[in-house]
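One-letter residues, chain by chain:
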Amino acid sequence: MQPLTTEQIRAVIARGKLKDTIFKALGLFCLSIGLLVIVALIVDMFIKGSERFTLDFFMNFASRRATQAGILSAWVGSLLVMLVTALAAVPLGVAAGLYLEEYAKRNWLTHIIEVNISNLAAVPSIVYGLLALGIFVYQFGFGQSILSAGLTLALLILPIIIVATREAIRAIPAMIREGSMAVGATRWQTCRYHIIPYAMPGILTGVIIGLARAIGETAPIITIGALTFIAFLPPVPFTGEPPAGLFEWVMSPFTVMPIQIFNWTSRPDPAFEVNAAAAGFVLMVMVLSMNAVAIYLRYKMRKNIKW
Amino acid sequence: MNSQAMSANNPSDLPVVSDRLAKNAMRNVSERLIEALLLGAAAVSVLTTVGIVYVLVSESIHFFQQVSIVDFLTDTQWTPLFDDAHFGIMVLVSGTVVSSLVALSVAIPMGTIIAIYLSEFANSKVREIAKPILELLGGIPTIVFGYFALLVVTPVLQVILPELPGFSLLSAGLVMGIMIVPYIASLSEDAMRAVPMSLREGAYAMGSTRLYTALHVVVPAAFSGLAASYILAISRAVGETMILAVAAGMQPNLTWNPMEPAATITSYIVQVALGDLPHGSIGYLTIFAAGLTLLLITLVFNILGQWLRAKFRENY
């Protein structure tokens, strides 16, 4: 075999470098498509929906006439459902994460729970809707209420919160636990006064990401049979006649932002497209700002924590 | 201090010790109680799975008492709410398969290229900007993507393909692909960054370019992670609902052509849930049979993913 001349070697190197450059450009191109989609979405919705950004749009109920329709019952419903979801998912998720990291022994039960959590994360969200339809709506008799929807979404985001909690706890060095137990604290006291507070930023990040996911979920809530046309508000939480009146709101029928958008998008009348765009923009602002807060929190955390 | 030391020597103070023991015992009880409570919280996830399987299987049993499994799997029509009722699930499965294939043909190349770029080429500054962007893209509600597919992407596609109908599996699938890109990109990137530096250094020392190293050393070494991310992407595509419900139309249509509108398993469930079907009727039962089919499909891919991971796992 003839050895390569210097020119040939240079040509080989140049070709290799060219391929590298082409791939770099390809990578940047693919990334910019992602960015482009986000920008296109936001700009399109903002421009199309701009004529609806009035106080009336936020303070009116849904209506047959596109120009008078608003998102009052939708955003109130979304907030109330999120309240139930957070109240159910946060304690459960943090407790489960705490158990798996600090208490669980390496046995078959722990193994089943862990495998199960990772499998649940891959279950399509609409299947949670069917679960809720069968269990919450009919077996437990909660009906098509805020409670059913909130609990469904809580189950849906539980894996997110558990995983975030576990990661945050795992990052705490063992010496913190040893120090606490060395001065006589029990396991729970160690968790209560050291582990949970130190893991808080990480847990909070997971909770925000989970809630941002839940607020945009449509399919499971449609599946439990939420109505699309609601022209009244649920009772104000915790103000009714105690004790039963306090929780009247959780049994109320409701609608949420994504369902309102779905309803308007699927109407043939183009006037409702404007409403869908405006409501979609509001939902995007909610979701993206929640995600941005979570990303910022994580960024801060990574900079500040030095064990 | 002095008096305490004295009283400690006094036998009449022994009850103090037993008080402390009693307190310890109480503490042990509450510790146990707390542990049990925490275990209960962890068990909720198992209960969720049990609940899902129970609901889908028990309602599907009612369904299959009225419809034979053979008809369910082989009939070529899906008209459960008509007088002349047919229950051929393949009609819905075809919509799911076609839209998923369109989505994956966008998401797998794009996601893999982004992952290779971020892990092997990009400097830390680019990565710090790109990762949050991808995360935001992954966080966009699917109903918003549905709106985007129907009212932005479809009109644009119709300029290129004039015969494309207003609802189509193609535009829904394309947008679904964009939605899935972040999942593939971030999981694949994690897998590739876990490949030890020494492997790359070995390749560079032999004169490989970055691209050659990435494609012939890093990608094969991270293959189990890449495969796992593709499997997750398939699960996402098969289970995606709102984009299809909005942009692919909801008429059942046995087709392998992405240019046509068609219902999928998920969009059928949404369509039925939007109506007002009485609890226990055959129409009501169909959504559980459809849901069970969906769950079995995702389960098969999950098992396949775990098998691939185990088979191709490289240990360093």
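Let's talk about the domain arrangement of chain A
Residue and element names in this part refer to chain A. When the domains of chain A are assigned, the result is domain 1 (6-50) and domain 2 (53-304). Facing the seven residues of domain 1 at the interface are nine residues of domain 2. Summed over both partners, the interface of domain 1 with domain 2 buries about 770 Å², with 79% contributed by carbon and sulfur atoms. Interface area lost by domain 1 to domain 2 is led by Met45, Lys48 and Gly49, which between them contribute 55%. The interface formed by domain 1 and domain 2 contains zero salt bridges. Linking domain 1 to domain 2 there are one residue pair in polar contact (both at pLDDT 80 or more).

A look at the packing of aromatic side chains
The final tally for this structure, using the stated rule, is 18 aromatic pairs over all chains. Ring geometry for Tyr99 of chain A and Tyr103 of chain A: centres 6.4 Å apart, planes at 5°, overall stacked. Of this pair, Tyr99 of chain A and Tyr103 of chain A both sit in helix α3 (residues 72-103), four residues apart, roughly one helical turn. Of the two residues, Tyr99 of chain A and Tyr103 of chain A, neither departs from the other in class, the shared state being buried. Ring-pair connections join several aromatic residues into one group, and the members of that group are Phe63, Phe64, Phe72, Trp78, Phe87 and Tyr268 of chain B. The residue whose ring lies beneath Arg187 of chain A is Tyr103 of chain A, and the NZ or CZ to ring-centre distance is 5.7 Å. Here the guanidinium or amino end of Arg192 of chain A rests over the ring plane of Tyr193 of chain A, the centre of that ring lying 4.8 Å away.

Describing the pattern of salt bridges
Close approach of charged atoms allows side chains with opposite charge to pair. Tallying each qualifying case throughout the model produces twelve salt bridges over all chains. Its salt-bridge partner being Lys105 of chain A, residue Glu35 of chain B comes within 3.8 Å of it at the nearest N-O pair. Taken together, the positions of Glu35 of chain B in helix α2 (residues 14-66) and Lys105 of chain A in the loop between α3 and α4 (108-120) put the pair across two chains. Since its relative accessible area comes to 55%, Lys105 of chain A is described here as exposed. Salt-bridge contacts for Arg106 of chain A lead to Glu114 of chain A; the nearest nitrogen and oxygen are separated by 3.8 Å. Put simply, Glu101, Arg106, Glu114, Arg166 and Arg170 of chain A are held in one network by salt bridges that share partners.

Calculation notes
Residues numbered from 1 in each chain as written. Chains lettered and ligands numbered in written order. Predicted model: local features only at pLDDT ≥ 70, side-chain atom pairs only at ≥ 80, totals over all residues. Heavy atoms only, no water. Domains from an automatic or database assignment. Contact = heavy atoms within 4.5 Å. Buried area = accessible area lost by both parts, 1.4 Å probe. Salt bridge = Lys/Arg side-chain N within 4 Å of Asp/Glu carboxyl O. Polar contact = N/O pair within 3.5 Å; in protein donor to acceptor, adjacent residues only side chain to side chain. Phe/Tyr/Trp six-rings, centres within 6.5 Å; stacked < 30°, edge-to-face > 60°. Helix = DSSP H or I, 4+ residues; strand = E, 2+ residues; numbered from the N terminus. Buried < 20%, exposed > 50% of the residue type's maximum accessible area, 1.4 Å probe, protein only. Lys NZ or Arg CZ within 6 Å of the ring centre and 35° of its normal.

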